[in-house]
Amino acid sequence: MKTSLRFCLLAALVAVSTWTAHAAPQPVTLLNVSYDPTRELYQDYNAAFAKHWKATQGQDVTFNQSHGGSGKQARAVIDGLEADVVTLGLAYDIDALAEHGGLVPKDWQKRLPDNSTPYTSTIVFLVRKGNPKKIKDWPDVVRPGVQVIVPNPKTSGGARWAYLAAWGYALQANGNDAGKAQAFVTAMYKNVPVLDSGARGSTTTFAQRNIGDVLLAWENEAHLAQKEFGADKFEIVTPPVSVLAEPPVSVVDKVADKHGTRAVAQAYLEYLYSPEGQDIAGRNFYRPRNPKAAEKYAAQFPALKLFTVDELFGGWAKCQKTHFDDGGVFDQIYKP
Amino acid sequence: MASTVTFRLAKPRATAPADAADLEPAWIRRVLVSVTLGFLVLFLFLPLAAVFVEALRKGVSVYLATFLQSDTLAAIRLTLLTAAIAVPLNVVFGVAAAWAIAKFEFPGKSVLTTLIDLPFAVSPVVSGLIYVLLFGAQGWFGPWLSEHHVKIIFAVPGIVLATIFVTFPFVARELIPLMQAQGSDEEQAAIMLGASGWQTFRRVTLPNVKWGLLYGVILCNARAMGEFGAVSVVSGHVRGMTNTVPLQVEILYNEYNFVGAFATASLLALLALATLGIKSFIEWRTQRDTAAA
């Protein structure tokens, strides 16, 4: 009697638990470790994806976000910050996850379309209203008396893109003369009064604390600053030539497998490429990959000549070693 | 002004050295006082006032709304939790260390005294990094911890550890000079009269140092709640989970939510003011107790 009662209870329990499992899968939480200027993008996108996932899979998904300088964030993930996905400022920082601790496979960048970068951006100039220092093109940022605000390339992805944009411009303007490019970038950093550790820190230095004449910023960050502080305060100047910044995304395999979140993490990143994901990217001032979404937001993204890191610098690994590693070119040219 | 004058006149002229200052020309006194006051206004009152002005820029309702935000609430909870763990542990440690150092002679005593000061000498960033090097995924214990699903870094335990580390000198530092000055005569007398060690500690040592202890505790608490550098290194900055109040201030500021940032900062400013208030109260009580003794 006792045994059968117990059996009945157990059977009922199993039935209920499988039934609830079918009706509503366990809620899941994802940690997205991202770089500085994506706060607003992922706030929008997380809400949209949670809705989409609930509608298609019936599962509740909540998100935790961490933001900071791209290199610093990669370091935190390597040191054990358990990110299910990373959405960082540049590919090298995710390469670092492959190199240290094998958190992602070496070929991570081939797993999603467009080198795992669902949206792109570039480096533009944010200047004060009326452009009092007449900053129109790259040569203007090395003029004496022009204060340039840019974060530290050692810790910030945006800063590395800005450095490479300046270097790439100088390289192309001087017939690929690396010496002249270095002289140009050296002159530019002579005009930098303060190096913040992340892109957002530089934006507040420029916009809130009113330091400097021009901010070398992610295009999306420049638009956002204009939106936050008012279009009557700042102007965006798009130089004729700049770098195609490709901020990549990846599932952190080791963590996602440990958490059992691989499927939802994967879907989370894939949905960035969907019409809705692309639209959210455009709305948050990232250049969408999808031609239709790109067309919709064409007005806010002036056409300019864009070069890639692969074209001019032979890929991120080489570029990082030459320019940003300890003792690299940046250390030689920037002496505070 | 009038009261100062009467005070001076009422004072007996016998205490000549104390009155030497009065013999200085008045302009020197005025210059000194105005320099000090100017300095205080410029570097203390203005920034403090600025925090509250900025926090209340958009009105009281916006100010209060900041504290209803779930991320800010979570940060406040985490800060309170961290202090609630770190402060009692440091009280136990501080009293034990101070007692050992002030009342006993043992080899290595000077080394121990120096070690207690270590967190004061080390930059907070390094204090945080120590724990990353120990418990981080690439650190000494990282692989073992990860195998056993124990999270220390980028979770609450790491934040508590880093806070304990940076705040542990406070209580001991307050107590050691006090206990040394008091010597161990009273304890020896108590033991001669047949008190046990615990009785001696509870009835003799503790009452003698209670104000110093309380002072150490509030300083320790203020630092535990306000620590930025070390906690920033081990936090991971996950919103609503591993951000303490100081980190939340930075995040809100970086999100262009300046009112929110200053409103949250005003909590820390209030904490500082309360700390100062309690500190002067304790100083007043200590003076009264010494005068009575």
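The coordinates are above.
For the structure given in this document, a descriptive report is provided here. Because the structure is predicted, anything quoted here is derived from the model rather than measured.

Basis of the calculations
Residues numbered from 1 in each chain as written. Chains lettered and ligands numbered in written order. Predicted model: local features only at pLDDT ≥ 70, side-chain atom pairs only at ≥ 80, totals over all residues. Heavy atoms only, no water. Helix = DSSP H or I, 4+ residues; strand = E, 2+ residues; numbered from the N terminus. Rg over C-alpha atoms; globule rule 2.2 N^0.38 Å. Buried < 20%, exposed > 50% of the residue type's maximum accessible area, 1.4 Å probe, protein only. Contact = heavy atoms within 4.5 Å. Areas by Shrake-Rupley, 256 points an atom, 1.4 Å probe, with all protein chains shown as cover. Lys, Arg positive; Asp, Glu negative; His and termini not counted. Charge placed at Lys NZ, Arg CZ, Asp CG, Glu CD. Buried area = accessible area lost by both parts, 1.4 Å probe. Salt bridge = Lys/Arg side-chain N within 4 Å of Asp/Glu carboxyl O. Polar contact = N/O pair within 3.5 Å; in protein donor to acceptor, adjacent residues only side chain to side chain. Pairing = 2+ DSSP bridges. Axes fitted to C-alpha atoms, helices over the stretch in contact; angles between N-to-C directions. Phe/Tyr/Trp six-rings, centres within 6.5 Å; stacked < 30°, edge-to-face > 60°. Parallel < 35°, antiparallel > 145°, perpendicular 65-115°, else oblique. Nonpolar A, V, L, I, M, F, W, Y, C, P; charged D, E, K, R; others polar. Left-handed = near helix turned anticlockwise from the far one by under 90°. Core = buried A, V, L, I, M, F, W, Y, C linked by side-chain atoms within 4.5 Å.

1. Overview of the overall build of chain B
Item 1. Each helix and strand in chain B was counted, giving 16 helices and zero strands.
Item 2. Scaling as 2.2 N^0.38, a compact globule of 293 residues should have a C-alpha radius of gyration of about 19 Å, whereas chain B reaches 24 Å, well beyond that.
Item 3. Each principal axis of the C-alpha atoms in chain B carries an extent, and together these give about 75 × 60 × 30 Å.
Item 4. Relative to its 293 residues, chain B shows a buried fraction of 37%.
Item 5. Look at the contacts in chain B between residues 6 or more apart in sequence, and 72% of them connect residues 24 or more apart.
Item 6. Approximately 16300 Å² of chain B is accessible, and the part contributed by carbon and sulfur atoms is 72%.
Item 7. For chain B, the distance from the average site of its 20 positive side-chain charges to the average site of its 17 negative ones is 7 Å.

2. Concerning the interface of chain A and chain B
Bring the parts together and some accessible area is lost; that lost area is often taken as the interface size.
Item 1. Across the boundary between the two partners, chain A contributes 28 residues, which contact 19 residues of chain B.
Item 2. Both sides together, the interface formed by chain A and chain B hides about 2000 Å², and carbon and sulfur atoms give 56% of it.
Item 3. Of all residues in chain A, R39, D79 and K258 of chain A bury the most surface against chain B, accounting for 24% of the area lost on that side.
Item 4. Between the two partners, chain A and chain B, sit two salt bridges.
Item 5. A salt bridge links E255 of chain B to R39 of chain A, with the nearest nitrogen and oxygen atoms 3.9 Å apart.
Item 6. Viewed at the interface, chain B and chain A are joined by seven residue pairs in polar contact (both at pLDDT 80 or more).
Item 7. Elements with a contribution of two residues or more to the side of chain A that touches chain B: β2 (61–68), α3 (70–78), α8 (199–207) and α9 (219–229) of chain A.
Item 8. Take the side of chain A that touches chain B: its biggest share by element is five residues, from α9 of chain A.

3. Some thoughts on unusual backbone geometry
Item 1. A positive phi is found at S116 of chain A, a non-glycine position, where the angle reads about 60 degrees.
Item 2. Mapped onto the elements of the fold, S116 of chain A is located in helix α5 (residues 113–116).
Item 3. At F154 of chain B, a residue that is not glycine, the phi angle is positive and equals roughly 60 degrees.
Item 4. Note that F154 of chain B resides in the loop between α9 (142–147) and α10 (156–167).

4. Brief notes about the sheet that holds β2 of chain A
Residue and element names in this part refer to chain A.
Item 1. Strand order in this open sheet of four strands is β2-β1-β3-β9, and the pairing throughout is mixed. This sheet does not close on itself; its edge strands, each paired only once, are β2 and β9 (249–251). Neighbouring strand axes in the sheet, compared pairwise and without regard to direction, differ in orientation by 20 degrees on average.
Item 2. Across eight bridges, the pairing between strand β1 (residues 28–35) and β2 is parallel. Its bridge partner being in β2, Y35 is matched across the sheet by G68.

5. So, the packing of aromatic side chains
The geometry of an aromatic ring pair is captured by two quantities: the separation of the ring centres and the angle between the planes.
Residues and elements named next belong to chain A.
Item 1. Taken as a whole, this structure holds 42 aromatic pairs over all chains when the rule is applied.
Item 2. Pairing F206 with F234 gives two aromatic rings, centres 5.6 Å apart and planes at 40 degrees, and the pair type is tilted. Of this pair, F206 sits in helix α8 while F234 sits in strand β7 (residues 234–237), and the two are 28 residues apart along the sequence. Residues F206 and F234 agree in their burial class; the two are buried.

6. Regarding the pattern of salt bridges
Pairs can form between side chains of opposite charge whenever their charged atoms are close.
Item 1. All told, the structure shown has 30 salt bridges over all chains when counted by the stated rule.
Item 2. Here R160 of chain A ties to D93 of chain A by a salt bridge, and the two come within 3.5 Å at their closest N and O atoms. With R160 of chain A in helix α6 (residues 157–173) and D93 of chain A in helix α4 (residues 91–99), the pair connects residues that are 67 residues apart, well separated along the chain. The same class applies to R160 of chain A as to D93 of chain A, namely buried.
Item 3. The residue E246 of chain A makes a salt bridge to R289 of chain A at a minimum N-O spacing of 3.0 Å. One end of the pair, E246 of chain A, is in the loop between β8 (241–245) and β9; the other, R289 of chain A, is in the loop between β10 (287–288) and α13 (291–296), and 43 residues separate them in sequence.
Item 4. Each of the salt bridges in this network shares a partner with another, and the network as a whole consists of D36 and R39 of chain A together with R239 and E255 of chain B.

7. Here we look at the packing of α6 of chain A against helix α15 (residues 316–324) of chain A
Residue and element names in this part refer to chain A.
Item 1. Taken N-terminus to C-terminus, the directions of α6 and α15 make an angle of 85 degrees; their axes are 12 Å apart at the nearest point. It follows that α6 is roughly perpendicular to α15 by the angle criterion. Along the contact surface, α6 presents R160, W161, Y163, L164 and W167, while α15 presents W316, C319, Q320, H323 and F324.
Item 2. Per-class residue counts for the contact of α6 with α15 are seven nonpolar, two polar and one charged.

8. Some details on the packing of α3 of chain A against α4 of chain A
Residues and elements named next belong to chain A.
Item 1. Running from N to C, α3 and α4 point in directions that differ by 15 degrees, and their axes come no closer than 9 Å. When the axes of α3 and α4 are compared, the pair comes out roughly parallel. The element α3 and its partner α4 pack so that their crossing is right-handed. Contacts between α3 and α4 involve S70, G71, A74, V77 and I78 from the former and D93, A96 and L97 from the latter.
Item 2. Looking at side-chain class alone, the contact of α3 with α4 contains five nonpolar, two polar and one charged residues.

9. Looking at the nonpolar core
Here is a general trend for soluble globular proteins: nonpolar side chains tend to be buried in one another's company.
Item 1. Core analysis: the biggest nonpolar cluster contains 112 residues, and W138 and L216 of chain A have the highest contact counts within it.
Item 2. Per-element tally for this core: the top contributor is α6 of chain A, with ten residues.
Item 3. Discounting chain neighbours no more than four positions away, the residues touching L216 of chain A are I123, V124, F125, W138, V141, V148, I149, V150, A162 and M188 of chain A.
Item 4. V87, A98, I116 and M179 of chain B belong to the second largest nonpolar core, which has 21 residues in total.

Interpretation in functional terms is not warranted from these geometric data alone.
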